[in-house]
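# Working through the structure, step by step
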Amino acid sequence: MSSGYYEFFCPVKVLAGHHALEQVPFELATLGVKRPLLVTDAGVRRAGLVDVVVAALEAGGLKAVPIFDAIPPDSSNTVVAKAAELSRDHRCDSLVALGGGSVIDTAKAVNVLTSLGGDDIHAYAGSGKIARKLTPLFVLPTTSGTGSEVTNISVVKDELTGLKQSYQSPFLMPDAAVLDPRLTLGLPPFFTAATGMDAMTHAIESYVCMQKNPLSDAFAVKAIEKIARNLVLVLESPKDAEGRLELAQAATFAGIAFSNSMVGLVHALGHTTGAVAHLPHGVCMSVFLPYVLEFNLDVRRDAIGELLLPLAGAEVFARTPVPERAAASIAKIRKLRDELYRLAELPRTLAETGKVKRGDLPRIAELCVDDAALAMNPKDVSRAEALAVLERAFG
Amino acid sequence: MGATDPTVPFATDATPRRPVPYGAERLYVKTLLKLVAGLLEAVSETDEVVAAEVAGLPDGLLAEMSVFGAPDVGLRVQVRGRRLVAQDFEGASDEQAPRIEIVFKHITNAFLVFSFQEGTAVAFAHGRMVVEGDLAHAMRLVRCLDRCETIVLPKLIAERAVKTLRGLPLAEQLPLAARTLGSLARVLVKGIR
Ligand SMILES: [Fe+2]
């Protein structure tokens, strides 16, 4: 399915490694901007990361950086409008986003308003409304999961309808992704595990689904290898800066992979389960991943088998006969989930989450078949099949 | 430097030739899209599965398929309750109605899909077309189209068109196909408005 034709796009400059933060002032200047608005949330501020970033920026000549830190976990168009207002008040010419998925998505939306004008991001919903280059946006992720630092999508809640609205445009791509181990050192075990499995799922779905191509495959394989080697290590020694940096890179690689090849059934189930049961996205990913691979197995046995190399390493891969590799890949993922349950209490089944009732499953299945993520799943999914996967994942 | 360097001779017999001229592709796709529009209307009358899917779409929704660079080629159907009603693509459409659009990036892309050389999902994976509008509605429309192809196409061709063929037993498919084609004839005779 990878043959024929493909497209690949990633215009984001990656600044990865020790002292990556200190490179930011110079890189901003290269793009001709002097006055960024720092967008973040209260949790990141409490963790002391704002001070670390501001100190690095000030030492690089950017004085009195205005800060907007009122972004809730579930950001909305009113939050976007407030941040845009602050940016205009301070005549900012660029944005620095410091945080997880919600902060990054909010910053992308703020950039639309400050670059193109207006007070309501909703006016830019639909295709083609974001029609030209925006001001520079640098993203400093504080979780290693969403990959939003290298995607062209922003999801923001509409306060009026309560529904999540997604915005998509090549112009939403950030200008730089800054991966500095200091930014994720303090991430608590549960979030480290959940976001790590989100990144793992991005990479695996990218590799298994229909839009895979040689470039997305390369990024996906490297991402899987880094997560398989480092996620458990980091949970065992959370201050391991090298391991943290590996996970941060893996999340960005996985983001580059899936933004060029899309995701599949794990995400379709995750989006709908998350909406119905208010579960964190990464938890849903980890719960559904092995069950979905089993569902897709008969049409993607080769691809899933190839994943044994990055998942388990060369020795195990060489030792495992070809026909057994796909099953071994899935077994390896199950083993990883057991470790994550032991170290971070990351649920392995819907029952273990304690938030989903068996009676919810038919409604989740019904919503799931309308999710756009299914378009690139290698197998078509009927309502009955979605329900069967949900039943198995319930535990 | 390739073509600008006069010292590099070109083998004239190696010049790529098109298997089907663009003009022929355009005529074929234009004709077939008219047929598909009629077929979608017909199948929503004869098949309960499609009618149930359509019932889940907002009333009045316009679904369009078009081709970049070929403004006269396309199809438009409108949701009316549990039915899809084919409309004249070149006629005026309700600008206020909610709309979902599938745009092929080139006439050749549309030709490959509608001559069943490239499946719809594969074409999408290859970036041959873009979808504009509510993606949940698009998923539903694709299910209608898949079901439509499963009913009227022979199994061998349908297999190439859809991702996972959910074949009907022949004893079920043949009468349903006959009823649908009868209905299609009616739609075409009455004319697509
Ligand atoms: Fe995800």
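Criteria and thresholds
- Residues numbered from 1 in each chain as written.
- Chains lettered and ligands numbered in written order.
- Predicted model: local features only at pLDDT ≥ 70, side-chain atom pairs only at ≥ 80, totals over all residues.
- Heavy atoms only, no water.
- Contact = heavy atoms within 4.5 Å.
- Buried area = accessible area lost by both parts, 1.4 Å probe.
- Salt bridge = Lys/Arg side-chain N within 4 Å of Asp/Glu carboxyl O.
- Polar contact = N/O pair within 3.5 Å; in protein donor to acceptor, adjacent residues only side chain to side chain.
- Nonpolar A, V, L, I, M, F, W, Y, C, P; charged D, E, K, R; others polar.
- Helix = DSSP H or I, 4+ residues; strand = E, 2+ residues; numbered from the N terminus.
- Pairing = 2+ DSSP bridges.
- Core = buried A, V, L, I, M, F, W, Y, C linked by side-chain atoms within 4.5 Å.
- Buried < 20%, exposed > 50% of the residue type's maximum accessible area, 1.4 Å probe, protein only.
- Axes fitted to C-alpha atoms, helices over the stretch in contact; angles between N-to-C directions.
- Parallel < 35°, antiparallel > 145°, perpendicular 65-115°, else oblique.
- Left-handed = near helix turned anticlockwise from the far one by under 90°.
- Lys, Arg positive; Asp, Glu negative; His and termini not counted.
- Domains from an automatic or database assignment.
- Donors = N, O, S within 2.8 Å, 3.2 Å for Na, K, Ca; no water.
- Tetrahedral: all angles 85-135°; square planar, octahedral: opposite > 155°, others 65-115°.

Accessible area lost upon the coming together of the parts serves often as the stated size of an interface. Every contact between the two is made by 24 residues of chain A and, on the other side, 19 residues of chain B. For the pair chain A and chain B, the two sides together bury roughly 1700 Å², of which 49% comes from carbon and sulfur. In this structure, the connection of chain A to chain B is made through five salt bridges. For K105 of chain B, the salt bridge is made with E7 of chain A, and the minimal N-O distance between the two is 3.7 Å. In this assembly, chain A and chain B are joined by eleven residue pairs in polar contact (both at pLDDT 80 or more). Along the lines of polarity and charge, the residues of the side of chain A that touches chain B split into ten nonpolar, six polar and eight charged.

Residues and elements named next belong to chain A. Although it is not a glycine, H19 adopts a positive phi angle of roughly 60°. You can see H19 is positioned in the loop between strand 1 (13-16) and helix 1 (24-30). A positive phi angle, close to 70°, is found at M262, a residue other than glycine. Within the secondary structure layout, M262 lies in the loop between helix 8 (241-261) and helix 9 (265-277).

Residue and element names in this part refer to chain A. Read across the sheet, six strands follow the order 1-8-5-4-2-3 without closing on themselves; strand pairing throughout is parallel. Only two strands of the sheet have a single partner each, and these edge strands are strand 1 and strand 3 (67-68). Direction of pairing for strand 2 (residues 36-39) relative to strand 3: parallel, over a ladder of two bridges. Of the residues in strand 3, the one forming a bridge with L38 is I67.

With that out of the way, let us pick up the nonpolar core. Counting 75 residues, the largest nonpolar core has M200, I204, F288 and L350 of chain A as the members making the most contacts within it. Here M200 of chain A is in contact with I224, I227, A228, L289, L311 and L336 of chain A, once residues within four sequence places are set aside. Judged by nonpolar contacts, the second largest core, of 43 residues, contains A63, C144, C148 and L184 of chain B.

Let us now look at the pairing of strand 2 of chain A. Residue and element names in this part refer to chain A. Because side chains alternate across strand 2, one face comprises the buried residues P36 and L38, and the other comprises L37 and V39, equally buried. Pairing between strand 2 and strand 4 (residues 94-99): four bridges, direction parallel. Bridging across to strand 4, L38 finds its partner in V96.

Residues and elements named next belong to chain B. Where helix 1 (residues 22-46) meets helix 7 (residues 170-190), the axes come as close as 8 Å, and the angle between the chain directions of the two elements is 125°. Taken together, the axes of helix 1 and helix 7 are oblique relative to one another. Two packed elements cross with a definite hand, and for helix 1 against helix 7 that hand is right-handed. Packed against helix 1, whose contacting residues are L35, G38, L39, E41, A42, V43, E45 and T46, the element helix 7 presents L176, R179, T180, L181, S183, L184, R186, V187, L188 and K190 at the interface. Among the residues making up the contact of helix 1 with helix 7, the classes are represented as nine nonpolar, four polar and five charged.

Looking now at the side chain of R325 of chain A. Residue and element names in this part refer to chain A. By the element assignment, R325 lies in helix 13 (residues 325-344). For R325, which is buried and forms no salt bridge, the nearest opposite charge comes from E306, at a distance of 8.2 Å. Of the polar contacts made by the side chain of R325, one reaches the backbone oxygen of F317; its length is 3.1 Å. With residues up to four places along the chain from it excluded, the contact list for R325 reads G305, L308, F317, A318 and T320.

On to the domain arrangement of chain A. Residue and element names in this part refer to chain A. Structurally, chain A comprises domain 1 (13-183) and domain 2 (193-394). Taken together, the 14 residues of domain 1 in the interface contact 18 residues of domain 2. For the pair domain 1 and domain 2, the two sides together bury roughly 1200 Å², of which 68% comes from carbon and sulfur. Its largest share of buried area at the contact with domain 2, domain 1 owes to S144, G145 and L179, together 37% of the area lost on that side. At the junction of domain 1 with domain 2, the criterion picks out zero salt bridges. Inspection of the domain 1/domain 2 interface yields four residue pairs in polar contact (both at pLDDT 80 or more).

Moving on to the coordination of the iron ion. Residues and elements named next belong to chain A. Coordination of the iron ion by the protein comes from D198 (OD), H202 (NE2), H267 (NE2) and H281 (NE2), over a distance range of 2.2 Å. Here the iron ion binds four donor atoms, and the angle range of 83 to 165° at the metal identifies the geometry as irregular. Mapping the donors of the iron ion onto the primary sequence gives the spacing D-x3-H-x64-H-x13-H. Of this pair, D198 sits in helix 6 (residues 189-208) while H281 is found in helix 10 (residues 281-306), placing the two residues 83 residues apart along the sequence. Residue D198 is classed as buried on the basis of its relative accessible area of 5%.

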